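Okay, here's what each chain looks like letter by letter:
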Amino acid sequence: MDIPPPPSSARPVWRWRILGGIVALAVVVALVLTAYRLGSQESSGFVEVPVGSGGGSDQVPADIEPLLELYDELDSRAVDAPESEELVEAAIQGMLDALDDPYARYYDPTDYDAFSDELDGTYSGVGMELQETPDGLFVVTVFPDTPAEEAGVRAGDRIIGVDGEDVRDEPIESVVNDVRGEAGTDVTLELERDDGDEVLEVDVTRAEIEIPRLDAELLDDGIAHLRLLQFTSGAGDDMRAAADELIEQGAEGFVLDLRGNPGGLLREAVSAASVFLDDEVVVRVQERVGEEEQLEAHGDPVTDLPLVVLVDQGTASASEIVAGAIQDADRGVVVGEPTFGKGTVQSIRSLSDGSGVKFTTAAYYTPSGDSIEEVGVQPSRVVERDEEDDDDEQLAAAREELQSMMVEAAN
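Residues numbered from 1 in each chain as written. Predicted model: local features only at pLDDT ≥ 70, side-chain atom pairs only at ≥ 80, totals over all residues. Heavy atoms only, no water.

**Thoughts on the layout of surface pockets**
And then number 1: The calculated volume of the second largest pocket comes to roughly 900 Å³.
And then number 2: Residue lining of the second largest pocket: 31 residues in total, with Phe138, Gly156, Asp195, Gln313 and Phe340 positioned closest to the centre.
And then number 3: Of all elements in the fold, only strand E6 (136-142) and strand E9 (186-193) reach the threshold of two or more residues within the lining of the second largest pocket.
And then number 4: Counting residues per element, the lining of the second largest pocket draws most heavily on E6, which supplies 3 residues.
And then number 5: For the lining of the second largest pocket, the class distribution of residues is 10 nonpolar, 7 polar and 14 charged. (1 Å grid on protein atoms, 1.4 Å probe; cavity = no way out; pocket = protein on both sides within 12 Å on 5 of 7 lines; lining within 4 Å. Points joined across faces, edges and corners; volume = space filled by probe spheres on them. Helix = DSSP H or I, 4+ residues; strand = E, 2+ residues; numbered from the N terminus. Nonpolar A, V, L, I, M, F, W, Y, C, P; charged D, E, K, R; others polar.)

In structure tokens form, the structure reads like this:
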């Protein structure tokens with residue numbers, strides 16, 4: 001599940017205070033006010049809304065007034081009216097549905113807490129990352145040494161059922177909650193594989209999962225194998241430290257393994273790319289308004305040793321940014337399979353009642369200006385994954401490519 005919080009430069013969470021009989025609707029109003037700031041004297045299209053019996057007012061856009069009127073009517077006069085929280089949730093969901101954004105989602109407080117736990121790196125579940133697309137919900141990463149891997153779940157599997165219930169039309173948050181549960185309990189997953197050619201059921205026993213982030217090893221031929229599994233906070237610094245240590249151990253070239261990496265924080269993608277890039281552009285970001293922003297590497301690469309980037313169909317979002325930046329800068333060779341193809345940025349906003357929302361706020365492009373949306377990063381050398389090959393043909397091909405580069409660099 002590729003849902004990165006906004007970079008540190010993002011605008012703050014919008015906060016509005018609406019008192020009296022419409023307190024609960026404040027979060028709905030806040031969502032609509034992306035283009036406004038509280039108390040701005042230059043903004044137009046606002047109306048004065050009475051606040052309590054003591055006078056005073058808060059400004060809200062004029063086109064929000066019917067929403068507030070309807071809330072007040074339903075809350076005070078509708079027969080069998082739902083709780084105010086349900087009205088607010090329905091209004092929020094309705095606005096997100098109107099975006100026609102396949103990645104837009106509302107998290108109730110329970111779901112938002114679960115999401116926060118995952119960002120912290122631990123949870124109770126089966127050990128896989130999911131990605132929601134217009135074509136369904138797919139496994140993009142199966143973490144090593146987890147129940148999902150032991151049960152035979154693969155990256156690329158589409159989840160169509162959980163414990164006998166069809167989940168094809170369910171939002172990702174609901175499916176994630178169904179899959180998670182108390183350690184030691186079982187869950188049955190119904191999966192489509194190979195574009196629907198195979199449908200199978202697997203029983204998985206849940207466990208406490210600590211999400212791995214980085215695995216570094218110096219292989220016996222002087223090749224450093226640096227595998228980054230996700231772009232959580234601090235991933236770039238960890239990768240830099242690991243690369244330094246591998247160089248001290250005698251590394252003569254690097255395989256940066258981004259297979260199955262579902263992405264994460266945009267700033268960490270820039271930080272990770274900076275381990276190998278100097279001051280080149282890492283990614284171009286275009287928000288709804290404003291000029292395109294170019295995010296550049298930090299200008300302090302760890303090494304200029306030969307580099308191969310290893311990718312597959314589970315390489316998504318932030319990891320595609322890194323692979324595309326290295327490819328466009330001609331800093332390394334990309335080997336493996338075409339990547340997932342997610343070229344948009346979603347922002348997460350927490351709301352005052354403990355819930356949260358995500359929606360698309362920007363598109364990103366490789367340094368050369370190409371979009372990877374539904375296309376992915378195309379490897380220079382394509383090597384398909386063979387699920388039955390225990391010798392890891394993709395890694396062997398990456399090592400072969402890198403050894404050739406190392407010989408050329410030595411001459």
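**A word on the side chain of threonine 344**
And then number 1: Structurally, the position occupied by threonine 344 is in strand E19 (residues 344-350).
And then number 2: Classification of threonine 344 by relative accessible area gives buried; the value is 15%.
And then number 3: At 3.0 Å, the side chain of threonine 344 forms a polar contact with the side chain of glutamine 346.
And then number 4: Setting aside residues no more than four positions away along its own chain, threonine 344 makes contact with Tyr103, Thr360, Ala362, Ala363, Tyr364 and Glu373. (Buried < 20%, exposed > 50% of the residue type's maximum accessible area, 1.4 Å probe, protein only. Polar contact = N/O pair within 3.5 Å; in protein donor to acceptor, adjacent residues only side chain to side chain. Contact = heavy atoms within 4.5 Å.)

**Here we look at the packing of helix H7 (residues 235-248) against helix H8 (residues 266-273)**
And then number 1: Contact pair H7 / H8: the axes reach a minimum separation of 7 Å and the direction vectors enclose 15°. The orientation of H7 with respect to H8, classified from their angle, is roughly parallel. Classified by chirality, the crossing of H8 by H7 is right-handed. Residues Ala235, Gly236, Asp237 and Met239 of H7 form the contact with H8, whose participating residues are Glu268, Ser271 and Ala272.
And then number 2: For the contact of H7 with H8, the class distribution of residues is 3 nonpolar, 2 polar and 2 charged. (Axes fitted to C-alpha atoms, helices over the stretch in contact; angles between N-to-C directions. Parallel < 35°, antiparallel > 145°, perpendicular 65-115°, else oblique. Left-handed = near helix turned anticlockwise from the far one by under 90°.)

**Remarks on the sheet that holds strand E13 (residues 223-228)**
Strand pairing in a sheet is mediated by backbone hydrogen bonds. Such pairs are either parallel or antiparallel.
And then number 1: Read across the open sheet, the 6 strands follow the order E12-E13-E14-E17-E18-E21; overall the sheet is mixed. The open sheet is flanked by strand E12 (214-218) and strand E21 (381-382), the only strands paired with a single partner.
And then number 2: Sheet analysis places E13 next to strand E14 (residues 253-257), joined by 5 bridges and oriented parallel. Opposite alanine 224, over in E14, you have phenylalanine 254 as the bridge partner.
And then number 3: Against the sheet, helix H10 (residues 393-410) makes contact with E13, E14, strand E17 (307-311), strand E18 (333-336) and E21, and its axis sits at roughly 165° relative to E17, the strand it touches most. (Pairing = 2+ DSSP bridges.)

**Overview of the side chain of serine 347**
And then number 1: On the secondary structure map, serine 347 appears in strand E19.
And then number 2: Within polar-contact distance, the side chain of serine 347 engages the side chain of threonine 361 at 2.9 Å.

**Digging into H10**
Residues spaced three or four apart along an α-helix point in a common direction, a consequence of the helix completing one turn every 3.6 residues.
And then number 1: Spanning 18 residues, H10 covers 26 Å between terminal C-alpha atoms, matching the ideal 26 Å at 1.5 Å per step.
And then number 2: By the burial criterion, the buried members of H10 are Gln394, Leu395, Ala397, Ala398, Leu402, Met405 and Met406. (Expected span 1.5 Å × (residues − 1).)

**Quick notes on the environment of leucine 87**
And then number 1: Inspection of the secondary structure puts leucine 87 in helix H3 (residues 84-98).
And then number 2: Given the relative accessible area of 16%, leucine 87 is considered buried.
And then number 3: The spatial distance from the C-alpha of leucine 87 to the C-alpha of aspartate 75 is 8.5 Å, given a sequence separation of 12 residues.
And then number 4: Setting aside anything within four residues of it in sequence, one finds leucine 87 in contact with Tyr71, Leu74, Asp75 and Pro82.

**Considering the pattern of salt bridges**
And then number 1: Per the counting criterion, the structure on display carries 15 salt bridges.
And then number 2: Salt-bridge contacts for aspartate 166 lead to arginine 168; the nearest nitrogen and oxygen are separated by 2.6 Å.
And then number 3: On the basis of relative accessibility, which here comes to 45%, the residue aspartate 166 falls in the partly exposed class.
And then number 4: In this structure, the salt-bridge partner of arginine 399 is aspartate 221, at a minimum N-O distance of 3.0 Å. Here the residue arginine 399 occupies a position in helix H10, and aspartate 221 occupies one in the loop between E12 and E13, the gap between them amounting to 178 residues.
And then number 5: In this structure aspartate 221 comes out as partly exposed when scored by relative accessible area, which is 21%.
And then number 6: When salt bridges that share partners are traced, they join Asp220, Asp221 and Arg399 into one network. (Salt bridge = Lys/Arg side-chain N within 4 Å of Asp/Glu carboxyl O.)

**Structural notes on the confidence of the model for the protein**
And then number 1: Chain-level pLDDT for the protein is 82 on average; 83% of the residues reach the 70-or-more range.
And then number 2: pLDDT under 50 marks residues 1-57. Its contacts with residues more than four places away, or in other chains, come to 124 contacts. (pLDDT = per-residue confidence, 0-100.)

**So, the nonpolar core**
And then number 1: With 42 residues, the main nonpolar core has Phe254, Leu256, Val282 and Val322 as its most contacted residues.
And then number 2: Mapped onto this core, the elements with two or more residues apiece are E13, H7, E14, H8, strand E15 (281-287), E17, helix H9 (318-328) and strand E20 (356-365).
And then number 3: Among the elements that take part in this core, H9 stands out by supplying 6 residues, more than any other.
And then number 4: Among residues more than four places away in sequence, those in contact with valine 282 are Val270, Ala273, Leu277, Leu295, Glu296, Ala297, Ile321, Ala325 and Pro367. (Core = buried A, V, L, I, M, F, W, Y, C linked by side-chain atoms within 4.5 Å.)

**Re unusual backbone geometry**
And then number 1: Of note in the backbone geometry, aspartate 145 takes a positive phi value of approximately 60° without being a glycine.
And then number 2: Mapped onto the fold, aspartate 145 is located in the loop between E6 and helix H5 (147-151).
And then number 3: Taking relative accessible area as the criterion, aspartate 145 reaches 69% and is therefore assigned exposed.
And then number 4: We note that aspartate 330 has phi near 55°; this positive angle belongs to a residue other than glycine.

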